[in-house]
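# Results of the structural survey
Now for the letters of each chain:
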Amino acid sequence: MAFEKSLKINLNNFKKEIKEIPTREGFGNGLLVLGEKNSNVVVLSADVAQSTRCDKFANKFPERFFQIGIAEQNLAAIASGMGVSNKIPFISAYSVFSPGRNLEQIRTTIAYNNSNVKIAGHHTGLLTGYDGATHQALEDIAIMRTLPNMKVIVPCDAIEAEKATIASTKISGPVYIRLAREKTPVFTSKKTPFIPGKADVFWKSSAKPKVVIIGCGPILYNVLLAAEELDKEGIGTIVLNNHTIKPLDEKKIINFAKKYGAVVTVEEHSILGGLGSAIAELLAKNCPAPMEFVGTKDVFGESGHPKDLWKKYGLETENIKTAVKKALKRK
Amino acid sequence: MENLREEKIKFLEEVANQLRRDVIEMLAESGTGHPAGALGMAEIFSAFYFHILKHNPKKPDWPERDRLVLSNGHTCPILYAAMSRAGYFPIEELKTFRKINSRLQGHPSRKALPGIETSSGPLGEGLSQAIGMALCARTSNLRSKYRTYCIMSDAEQNCGNIWEAAMFAGNKRLSNLTAIIDRNNIQSDGTTEEIMPLEPLKEKYESFNWEVLEIDGHNVESFIDAVSEAQAIYEKPTIIIARTIAGKGVDFMEADYKWHGTAPTKEQAKEALKELKKEKSSII
């Protein structure tokens, strides 16, 4: 096996019967930890406390939970006022509405003010499933990473989501955390390092790596499966978990692109403006390399089981393998 | 808040006149900006910065200070004038308004200028932010140490965000929050009642569980009395509908929506300053 041992990835679980938990659950657990640790942490939700998993925090710390109702603009702007009054507010809502509906409130009152608000964007990607295109955010990374002062984190599993939630309070100023509804494999462990802004190697093939695959979010599991299969075919890769889209781990990404010469980015987000774009902007200037982008094209999603959607929209292991081979050919 | 004496009222009126002069000079100097709303709120800003607010211009981040959120950020010339006259920054700096590298941004920026509670300009967002601050005053160790005020325009009552906020504050009975509506009846494209009628405005807020007081916004004494009354209402938030005249004090600007966002020329400014004659007894 070529999983990075130092990362203590849960190898035993890396099988078909791997445990699956949604990243939103990790967020909810993180809030509970924070509730105990830091009395300045408050949570606000827009009538989605249960489905965004802040209900446990609400029950345990009712005086620090604020039910705003279906009013995402009010949600963001109230949190902004609290964030400049020594609180650490988390706003928890569906990403299509927050930052979808309240983008201007986030831009002016949170980002421009540099208010200490943590924005949990839920139900992102096709993983939202049956609710369909109206509830599947595929553009949120692109939107949020263009706001000055904003940091953007995309956890790959429930454990990393819990770590990201807790770590976000150590960052001064606004942070966006991207979360998903559907349960997905838990392949990191409590011991896997997580430092915002630092990309970690999750896989290095036994065959000499010729392509670096950079991924974020739950789809990273598919990346690892693809890397393993490619390895068997004699195609060596190295896989980076790039959980922080902003700020990027620039030095490491440039070094890897230089060293391995071809890059594939993988995200459950539009290929317009997301992780792939961020990497491309960086490399175009510092180290141009052949790049392939795995993500949704310029399209909306639709209703269906998440697995069927990933297949239809080209986010499966097979798609990642094809992209790696294409990148390799272009070297 | 100290008791109002006759001399103090006169002083506040003089300050209001000085603030109007500052507004005209700033706008003429920059050649851009929004005069109508700014001039109309001179008494309100005089009352706030020279009588009502518990604040320390030398310590703008004093945790116990009262919070004043200006939601209709385009009227910031009056805010800058009041802040500089109160001692937050040198009066000379008013000349930099809207110029490059200035702390006096075209719409206020919290990060640029200490003492600005929140960046504003995009309308309809101030009340929510003020609610956030008022909630914190309730839940932290600063309990009851400060009050939160939010100044809004009448026109921005068009924005949906305001009514989300109004519903929330009514629900939470946020009595430590006082909002003020500058009811000057104008907006960019015409009068408020032509563009999107607001009346009956009082009844709207009452039905959202707010206490509503209506006063003459150019009468310093009645405005201060209304703010005092709001402090004595414990079961709900209060909104003061301050009836004002847009462009007040400058005859050719008064009650004309065309002065919402047009700066006077240097010539027009001279004429305006003649009207706003500096009184001899002026103390600031």
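Residues numbered from 1 in each chain as written. Chains lettered and ligands numbered in written order. Predicted model: local features only at pLDDT ≥ 70, side-chain atom pairs only at ≥ 80, totals over all residues.

### Some thoughts on helix α4 (residues 76–86) of chain B
Residue and element names in this part refer to chain B. Operational definition: Counting other C-beta atoms within 10 Å of a residue's C-beta gives its exposure: the residue is buried at 20 or more, exposed at 12 or fewer, and partly exposed in between, where C-beta atoms are placed from the backbone. Numbering of helices and strands runs from the N terminus, with a helix taken as a DSSP run of H or I at least four residues long and a strand as a DSSP run of E at least two residues long. Distance between backbone-placed C-beta atoms decides contact: two residues are in contact if it is within 7 Å.
Here α4 lies mainly inside the structure; 11 of its 11 residues are buried. Among the residues making up α4, those that are buried are C76, P77, I78, L79, Y80, A81, A82, M83, S84, R85 and A86. Packing partners of the buried residues in α4 comprise α1 (6–30), α2 (35–40), α3 (42–52) and β1 (67–70). Within two residues after α4, G87 carries a phi angle of roughly 110°, on the positive side.

### Comments concerning the interface of chain A and chain B
Inclusion rule: Ten residues, namely Ala, Val, Leu, Ile, Met, Phe, Trp, Tyr, Cys and Pro, are considered nonpolar, four, namely Asp, Glu, Lys and Arg, are considered charged, and the remaining ones, Gly among them, are considered polar.
On the side of chain B, 20 residues touch chain A, which itself brings 22 residues to the contact. Only α3 (72–83) and α4 (103–112) of chain A provide two or more residues apiece to the side of chain A that touches chain B. It is α3(A) that contributes the most residues to the side of chain A that touches chain B, eight residues altogether. Its residues placed into classes, the side of chain A that touches chain B shows eight nonpolar, 11 polar and three charged.

### Thoughts on unusual backbone geometry
In this chain, A:S98 is followed by A:P99 through a cis amide linkage whose omega measures 25°. Tracing the sequence through the fold places A:P99 in the loop between β4 (88–94) and α4. Each neighbour pair has its own omega, and for B:E199 with B:P200 the value is 5°, a cis peptide bond. Along the chain, B:P200 falls in the loop between α7 (192–195) and α8 (201–207). For B:N101, which is not a glycine, the phi torsion comes out positive at approximately 70°. Mapping B:N101 onto the fold places it in the loop between α4 and α5 (126–139). B:N101 sits in the exposed class, given 5 other C-beta atoms within 10 Å. Phi at B:R173 takes a positive value of approximately 50°, unusual for a residue other than glycine. Tracing the sequence through the fold places B:R173 in the loop between α6 (160–171) and β3 (177–183). Since 14 C-beta atoms lie within 10 Å of it, B:R173 is described here as partly exposed.

### Regarding the environment of A:S80
Relative to the assigned elements, A:S80 resides in helix α3. Along the backbone, A:S80 and A:P174 are 94 residues apart, and their C-alpha atoms lie at a distance of 9.5 Å. With residues up to four places along the chain from it excluded, the contact list for A:S80 reads A:T109, A:I110, A:N113, A:S115, A:V117, B:Q129 and B:G132.

### Things to note about the sheet that holds strand β2 (residues 148–153) of chain B
Residue and element names in this part refer to chain B. So the rule is basically this: DSSP bridges decide pairing: two strands pair if at least two such bridges lie between them. Fitted lines through C-alpha atoms give the axes, limited to the stretch in contact for helices. The angle between two N-to-C directions lies from 0 to 180 degrees.
Strands sit in the order β1-β2-β3-β7-β6 across an open sheet of five strands; the sheet is parallel. Edge positions in the sheet fall to β1 and β6 (211–216), since each of these pairs with one other strand and no more. The mean angle between the axes of side-by-side strands here comes to 20°, regardless of whether they run parallel or antiparallel. Across six bridges, the pairing between β6 and strand β7 (residues 238–243) is parallel. Note on β7: the bridge partner recorded for V212 is I239. Against the sheet, α5 contacts β1, β2 and β3, and its axis sits at roughly 175° relative to β2.

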